[in-house]
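# Structural overview for review
Residue-level listing of the chains:
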Amino acid sequence: MKILIALRTNEHHKEQLQRNATGAELLFVPADQVREEDLADVDAIIGNVPTELLPAAKKLRWLQLNTAGADTYCKEGVLKDDVLLTNATGAYGLALSEHLLAQLLAMMKKLYPYYDNQKKGIWHDEGSVTSIEDATVLILGAGDIGLFNDTSKFHIDRIASLRVVLARINQK
């Protein structure tokens, strides 16, 4: 089996993949550098290669995306009907949860204006800041960010006495 790893990988990750993909031939090419000839005889691809190159992957049986969104790969004619398409839904929940918390605190403490002032050498008060204690946060379109399910390692609503209101468009 020949697998194209269309991700930027460091040596440590390459060694791990090679050690665990016993019997497979691994080809490491970042997605933005993949050429049609790289795809000619691959059985599987890990990463988001440009869709216009996929017709060259005549032997492709599996495409594992490194994103949750798969819309462009689901369009008619992009992949043959017998190609298994999988995505990374759920892989980024903790990272997005942490990012959400960082952004929330940065806005509440006015870190962005203070940072801009610091770069300009301006030192003045930007006004009162708010606290996460007893705050209410509304999250629209949360999707799978790992904040609220029982198996999540990170529950933003357990911080202080923060009240979280989640609005989902699609119920699953």
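Chains are numbered independently. Their residues run from 1 in the order of the written sequence. Local features in this predicted model are restricted to residues of pLDDT 70 or higher, and side-chain atom pairs are both shown and tallied only at a pLDDT of 80 or more, whereas totals for entire chains, interfaces and linings draw on every residue. The side-chain figures draw on all heavy atoms in the structure; neither hydrogens nor water molecules are used.

Bringing the sheet that holds strand S2 (residues 25–28) into the picture now. DSSP bridges decide pairing: two strands pair if at least two such bridges lie between them. Secondary structure follows DSSP: runs of H or I at least 4 residues long count as helices, runs of E at least 2 residues long count as strands, and numbering of each begins at the N terminus. Judged by pairing direction, the sheet is parallel, and its 5 strands sit side by side in the order S2-S1-S3-S4-S5 without closing on themselves. The sheet is open, and its two edges are formed by S2 and strand S5 (84–86), each paired on a single side. Taken over all neighbouring pairs, the strand axes of this sheet differ in orientation by 15° on average, direction set aside. Two strands pair when backbone bridges link them, and strand S4 (residues 62–64) and S5 are joined in this way by 3 bridges, in the parallel orientation. Bridging across to S5, Trp 62 finds its partner in Leu 84. Throughout, a residue-residue contact means that at least one pair of heavy atoms, one from each residue, lies within 4.5 Å. Here an axis means a line fitted to C-alpha atoms, over the contact stretch when the element is a helix, while the angle between two N-to-C directions is reported on a 0 to 180 degree scale. Its contacts with the sheet place helix H1 (residues 11–20) against strand S1 (2–5) and S2, and it is angled at close to 160° to S2.

A few words on unusual backbone geometry. Negative phi values dominate among residues other than glycine, just as trans dominates among peptide bonds. Of note, the phi angle at Lys 110 is positive, near 55°, even though the residue is not glycine. Tracing the backbone through its elements, the reader meets Lys 110 in the loop between helix H4 (93–108) and helix H5 (111–120). Assessed through its relative accessible area of 24%, Lys 110 is described here as partly exposed. With a 1.4 Å probe rolled over the protein chains alone, any residue whose accessible area is under 20% of its type maximum counts as buried; one over 50% counts as exposed, and the rest are partly exposed.

Right, let's talk about the pairing of S1 for a bit. Where burial is concerned, the two faces of S1 agree: the one with Lys 2 and Leu 4 and the one with Ile 3 and Ile 5 are both buried. The parallel pair S1 and S2, bridged by H1, forms a crossover whose chirality is right-handed. In terms of strand pairing, S1 meets strand S3 (residues 44–46) through 3 bridges, oriented parallel. Bridging across to S3, Ile 5 finds its partner in Ile 46. Viewed with both strands pointing away, a crossover whose connecting path from the first strand over the helix to the second turns clockwise is right-handed.

Per-residue confidence from the predictor is reported as pLDDT, a score between 0 and 100. In this model, the chain carries a mean pLDDT of 85, and residues with pLDDT of at least 70 account for 80%. Segment residues 148–153 is flagged for pLDDT under 50; beyond a separation of four residues in sequence, or across chains, it makes 10 contacts in the model.

Moving on to the pairing of S2. Burial of the side chains of S2 is restricted to one face: Leu 26 and Phe 28 are buried, whereas none of Glu 25 and Leu 27 on the reverse face is. Examined bridge by bridge, S1 and S2 share 4 bridges and lie parallel to one another. Across the sheet, Lys 2 pairs through a bridge with Glu 25, a residue of S2.

What follows is about the environment of Ser 128. Here Ser 128 lies in the loop between H5 and strand S6 (136–140). As a C-alpha pair, Ser 128 and Lys 109 span 19 residues in sequence and 8.4 Å in three-dimensional space.

Moving on, we get to the side chain of Lys 2. Tracing the chain through its elements places Lys 2 in strand S1. Judged by its relative accessible area of 14%, Lys 2 falls in the buried class. Pairing of N or O atoms within 3.5 Å defines a polar contact, subject to two protein rules: one partner must be a possible hydrogen donor and the other a possible acceptor, and residues neighboring in sequence count only if both atoms are side-chain atoms. For Lys 2, the side chain forms a polar contact with the side chain of Asp 41, separated by 3.0 Å. Setting aside residues no more than four positions away along its own chain, Lys 2 makes contact with Glu 25, Leu 27, Asp 41, Val 42, Asp 43 and Ala 44.

For the rest of this paragraph, the subject is the pattern of salt bridges. The working definition used for a salt bridge is a side-chain nitrogen of Lys or Arg within 4 Å of a carboxyl oxygen of Asp or Glu. Going through the model one piece at a time under the given rule, you end up with 7 salt bridges. Where Lys 14 meets Glu 11, a salt bridge forms, and the shortest distance between an N and an O atom there is 3.7 Å. Taken as a pair, Lys 14 and Glu 11 lie in helix H1 at a separation of 3 residues, close to a single helical turn. Classification of Lys 14 as partly exposed rests on a relative accessible area of 22%. Where Asp 38 meets Arg 35, a salt bridge forms, and the shortest distance between an N and an O atom there is 3.2 Å. Arg 35 gets classed as partly exposed once you look at its relative accessible area, which sits at 45%. Residues joined in a network through salt bridges with shared partners are Arg 35, Glu 37 and Asp 38.

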